[in-house]
Amino acid sequence: MSTQRKIRVWLVLFLVGLVLSGATAFPLEHEVRWLHSLLDGSPAPAALVDWIARVEQGITETNDKYPFIMYGTDWLAFAHLVIAVAFWGVWRDPVRNIWVVEFGMIACVGIVPLALFAGPVRGIPFWWTLIDISFGVFGIIPLLIVHRLIRRLPVAPEKPLPQAVEAG
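Residues numbered from 1 in each chain as written. Predicted model: local features only at pLDDT ≥ 70, side-chain atom pairs only at ≥ 80, totals over all residues. Heavy atoms only, no water.

K.L.:
Sorry if this is basic, but what is going on with the overall build of the protein chain here?
P.N.:
Helix and strand counts for the protein chain stand at seven helices and zero strands. Moving toward the C terminus, one meets the helices and strands of the protein chain in the order α-α-α-α-α-α-α. Relative to the compact-globule value of 15 Å for 168 residues, the protein chain shows a C-alpha radius of gyration of 21 Å, a clear excess of over 25%. Dimensions along the principal axes, computed over C-alpha positions, put the protein chain at roughly 75 × 45 × 25 Å. Residues counted as buried form 28% of the 168 residues belonging to the protein chain. (Helix = DSSP H or I, 4+ residues; strand = E, 2+ residues; numbered from the N terminus. Rg over C-alpha atoms; globule rule 2.2 N^0.38 Å. Buried < 20%, exposed > 50% of the residue type's maximum accessible area, 1.4 Å probe, protein only.)

Next comes the structure, spelled out in structure tokens:
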């Protein structure tokens, strides 16, 4: 398999995760309700079932009384999709757009301090914070591989800028 093809395979893996994590923010209330009904009565740990029940209650009550608050999750979803679009440049010209991969890696690393700071401030259980951190840990893996593969590609020579025509 060519290096270009390997880059695209790893890029697709990363983009599928990014798009899915964004798209799932739109139907959040329905997903949490479904997850709670799935876990309730299952052998799942009680702490997990209780947390999901609390999240469901919070989302439902907030959406019933203040649906505009959920608009924030719509923007979260939109941001994921827009970031995914930025990776189109990597698909087209990986060498020139390696900075997009580096941006994605920085974002993955940034998840860790954000989750460690904001989780306790927002009352998120530590074990759930670890789940949030895992998005950065698992997200950076394909990006590191893509970055390494891009560095193997030859760099195209710079095209000279067109000369301005002087008015006479």
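There is more to say, and it comes next.
K.L.:
Is there a simple way to think about the layout of surface pockets in this case?
P.N.:
The method is simple in principle: a probe with the dimensions of a water molecule rolls over the atoms, and the space it marks as empty is what remains. By volume, the largest pocket amounts to about 2,000 Å³. What lines the largest pocket is a set of 47 residues, among which Ser21, Leu76, His80, Asp132 and Phe135 lie closest to the centre. Of all the secondary structure elements, the ones that give two or more residues to the lining of the largest pocket are helix H1 (3-23), helix H2 (28-39), helix H3 (46-65), helix H4 (71-86), helix H6 (98-121) and helix H7 (126-152). Looking at the lining of the largest pocket element by element, the count peaks at nine residues for H6. For the lining of the second largest pocket, the class distribution of residues is five nonpolar, no polar and four charged. (1 Å grid on protein atoms, 1.4 Å probe; cavity = no way out; pocket = protein on both sides within 12 Å on 5 of 7 lines; lining within 4 Å. Points joined across faces, edges and corners; volume = space filled by probe spheres on them. Nonpolar A, V, L, I, M, F, W, Y, C, P; charged D, E, K, R; others polar.)

K.L.:
Looking at this model, I keep getting lost on H7. Mind explaining?
P.N.:
Counting along an α-helix, one turn takes 3.6 residues, and residues three or four places apart therefore face a common direction. Here H7 spans 40 Å end to end across 27 residues, near enough to the 39 Å set by a 1.5 Å rise per residue. A bend of about 25° at Ile133 is the largest found in H7. Every buried residue belonging to H7 is among Thr129, Ile133, Gly136, Gly139, Ile140, Pro142, Leu143, Ile145, Val146, His147, Leu149 and Ile150, and all of these are buried. Lining the buried residues of H7 we find H1, helix H5 (88-92) and H6. (Expected span 1.5 Å × (residues − 1). Bend = angle between axes of the 7 residues up to and from the residue. Contact = heavy atoms within 4.5 Å.)

K.L.:
Please explain the packing of aromatic side chains as it appears in this structure.
P.N.:
Aromatic rings in a pair are described by how distant their centres are and how their planes are angled relative to each other. Taken as a whole and assessed by the stated rule, the structure comprises six aromatic pairs. On the numbers, 6.1 Å between centres and 75° between planes, the contact of Tyr66 with Phe68 is edge-to-face. Residue class for Phe68 comes out exposed when judged on its relative accessible area of 57%. Judged by centre distance (5.5 Å) and plane angle (90°), the ring pair of Trp75 and Phe78 falls under edge-to-face. Of the two residues, Trp75 and Phe78 both sit in helix H4, three residues apart, roughly one turn of that helix. On the basis of relative accessibility, which here comes to 47%, the residue Trp75 falls in the partly exposed class. An aromatic cluster is present here, built from Trp51, Trp127 and Trp128 joined pairwise through their rings. (Phe/Tyr/Trp six-rings, centres within 6.5 Å; stacked < 30°, edge-to-face > 60°.)

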